[in-house]
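Per-entry structural report
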Amino acid sequence: MKHFLDWLKQIFSPPLQTDPLLPPLIRSLADTKERELTCDEVHALLDQFAEAVRRGEDAARLMPLIQAHLDMCPDCREEYETLLHMMSVPD
Amino acid sequence: MIPKRDNAHWLNDLQSPGEARESALSDLMSLLQRALPAGLSHWLSPDNPLFEDLIADVIQETLMRVINNLHTFEGRSQFTTWAYKIAVRVALNELRHRRWKNVSMDGLEGGDENETSLFEFPSTEVSPEAAVERGDMLAILQRILAEELTEKQRAAMNALMLQGAPLEEVAQRMGTNRNALYKLMHDARLRLKKRLAREGLSIEELLDMFSNK
């Protein structure tokens, strides 16, 4: 009987709804650090970071704050990826 | 054939009056003409009639910025990588602006207030007890959001996280700049994270709840 009532409750209860901002926001909180570089600080170092990557160095380990910002900031990530594409063209 | 220059030669030539400078500028322009299409073709098809004009505009603006900012080049990377980095910023800002200039972002410019649709959890695999628990949790989270975020922060987060708008474009509409907006968002995220910790809410458990299992 209890299972039947539970089943009825489940069928007739409205789906849970919430602020659509919550899922992406909670995901971003998981990666939020006390100290994060800003876009300007990353831009100042992006050429060195990209060259380190092109040399095959573990740039993410050598410059973890830059990697963390690139993981968090889609604008800077796009700029980094575009820079790598440009650097792949032979002089 | 573009002559190879090391950093000192680039700086020396670009700071010398006359032919050396003209030649260095011309060589940098040729390098940008080769490299930019490789970077920008991921954004705009080279067959697009606007592509060539975009490349020309970006090169012109980049050369100007390179000359004006030569004193900031510290030689920690190759000069050409530094110049490419400047070109990337110029190009993507322009492309982002073109793509987003006609898109409205609610709450940032005092414009029309549109109702945003609610995020709906799939309910089929959730037991009634779990649904009640999840409903309670959502109510707590929504209260925390309401208490911790200003209207502007919420509007900016909606534009960035839900619409996928670029920081540069959101910042411009808020009358600020990209760097300040990133700081504002970081402060807000950090405050929320600390509040969740104070309330004894685990981010891992919340992530599980939102993972749509």
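Cut-offs used in this document
Residues numbered from 1 in each chain as written. Chains lettered and ligands numbered in written order. Predicted model: local features only at pLDDT ≥ 70, side-chain atom pairs only at ≥ 80, totals over all residues. Heavy atoms only, no water. Helix = DSSP H or I, 4+ residues; strand = E, 2+ residues; numbered from the N terminus. Buried < 20%, exposed > 50% of the residue type's maximum accessible area, 1.4 Å probe, protein only. Contact = heavy atoms within 4.5 Å. Areas by Shrake-Rupley, 256 points an atom, 1.4 Å probe, with all protein chains shown as cover. Patch = residues over 30% accessible without salt bridge, like charges linked within 9 Å, V, L, I, M, F, W, Y side chains within 5 Å. Salt bridge = Lys/Arg side-chain N within 4 Å of Asp/Glu carboxyl O. Lys, Arg positive; Asp, Glu negative; His and termini not counted. Charge placed at Lys NZ, Arg CZ, Asp CG, Glu CD. Core = buried A, V, L, I, M, F, W, Y, C linked by side-chain atoms within 4.5 Å. Arc of directions from axis to C-beta. 1 Å grid on protein atoms, 1.4 Å probe; cavity = no way out; pocket = protein on both sides within 12 Å on 5 of 7 lines; lining within 4 Å. Points joined across faces, edges and corners; volume = space filled by probe spheres on them. Nonpolar A, V, L, I, M, F, W, Y, C, P; charged D, E, K, R; others polar. Phe/Tyr/Trp six-rings, centres within 6.5 Å; stacked < 30°, edge-to-face > 60°. Lys NZ or Arg CZ within 6 Å of the ring centre and 35° of its normal. Disulfide = S-S within 2.5 Å. Axes fitted to C-alpha atoms, helices over the stretch in contact; angles between N-to-C directions. Parallel < 35°, antiparallel > 145°, perpendicular 65-115°, else oblique. Expected span 1.5 Å × (residues − 1).

Take the overall build of chain B next. Looking only at helices and strands, one finds nine helices and one strand in chain B. By the burial criterion, 44% of the 213 residues in chain B qualify as buried. A sequence separation of at least 24 residues applies to 66% of the contacts in chain B between residues at least 6 apart. Carbon and sulfur atoms make up 49% of the accessible area of chain B, which amounts to about 11,600 Å² in all.

The number of helices and strands found in chain A is six helices and one strand. In chain A, the succession of α and β elements from N to C terminus is α-β-α-α-α-α-α. The buried share of chain A, reckoned over its 91 residues, is 45%. In chain A, once contacts between residues fewer than 6 apart in sequence are set aside, the share between residues at least 24 apart is 63%.

Residues and elements named next belong to chain B. Negative charge collects at one region of the surface, where Glu-133, Asp-136, Glu-204 and Glu-205 lie side by side. Counting residues per element, the ones that place at least two in the negative patch are helix H5 (128-148) and helix H9 (203-209). Structurally, the position occupied by Glu-205 is in helix H9.

This part is about the nonpolar core. Judged by nonpolar contacts, the single largest core of 86 residues is most densely connected at Leu141(B) and Val170(B). Excluding its chain neighbours within four sequence positions, the residues that come into contact with Val170(B) are Met105(B), Leu108(B), Ala156(B), Ala159(B), Leu160(B), Ala165(B) and Leu181(B).

This part takes up helix H1 (residues 7-15) of chain B. All names here are of chain B. Turning to H1, its buried residues are Trp-10, Asp-13 and Leu-14. Buried residues of H1 fall within an arc of 95° about the axis and therefore sit on the same side. For H1, the exposed residues set more than 90 degrees away from the buried face come down to Ala-8 and Gln-15. On the buried face of H1, the contacting elements are helix H2 (19-40), helix H3 (51-68) and helix H4 (79-100).

On to empty space enclosed by the protein. Per the stated rule, a full pass over the model turns up one cavity of 30 Å³ or more. There is about 40 Å³ of room inside the largest cavity. When contributions to the lining of the largest cavity are tallied by element, the ones reaching two or more residues are helix H2 (22-30) of chain A together with H5 and helix H8 (178-198) of chain B. Per-element accounting of the lining of the largest cavity gives the leading share, four residues, to H2(A). Partitioning the lining of the largest cavity into residue classes produces nine nonpolar, no polar and no charged.

Residue and element names in this part refer to chain B. For the coordinates displayed, the defined rule picks out five aromatic pairs over all chains. Pairing Trp-10 with Phe-79 gives two aromatic rings, centres 5.2 Å apart and planes at 25°, and the pair type is stacked. Of this pair, Trp-10 sits in helix H1 while Phe-79 sits in helix H4, and the two are 69 residues apart along the sequence. Note on Trp-10: relative accessible area 3%, which makes it buried. For Phe-79, a relative accessible area of 0% puts it in the buried group. Put simply, the rings of Trp-10, Phe-73, Phe-79 and Trp-82 pair up and form one aromatic cluster. The ring of Trp-10 is capped by Arg-5, whose NZ or CZ atom sits 4.7 Å from the centre of that ring.

Here the focus is the state of the cysteines. Residue and element names in this part refer to chain A. Tallying each qualifying case throughout the model produces zero disulfides over all chains. Distance from the sulfur of Cys-73, which forms no disulfide, to the nearest cysteine sulfur (Cys-76) is 3.7 Å. On the basis of relative accessible area, Cys-73 is assigned to the buried category, the value being 1%. With a relative accessible area of 2%, Cys-76 lands in the buried category.

The N-to-C vectors of H2(A) and helix H6 (residues 151-162) of chain B enclose an angle of 85°; their axes lie 10 Å apart at closest approach. Classified by the angle between their axes, H2(A) and H6(B) sit roughly perpendicular to one another. When H2(A) is examined against H6(B), the residues Pro24(A), Leu25(A) and Ser28(A) are found in contact with a partner set consisting of Met157(B), Met161(B) and Leu162(B).

Taking 1.5 Å of rise per residue, 14 residues should cover 20 Å, and helix H6 (residues 74-87) of chain A covers 20 Å from first to last C-alpha, within 8% of that figure. Those residues of H6(A) that sit buried are Asp75(A), Cys76(A), Glu79(A), Tyr80(A), Thr82(A), Leu83(A), Met86(A) and Met87(A). The arc that holds the buried residues of H6(A), viewed along the axis, is 165°, so those residues lie on one side. Close packing links the buried residues of H6(A) with helix H3 (39-54) and helix H5 (64-72) of chain A together with H2, H4, helix H7 (167-174) and H8 of chain B.

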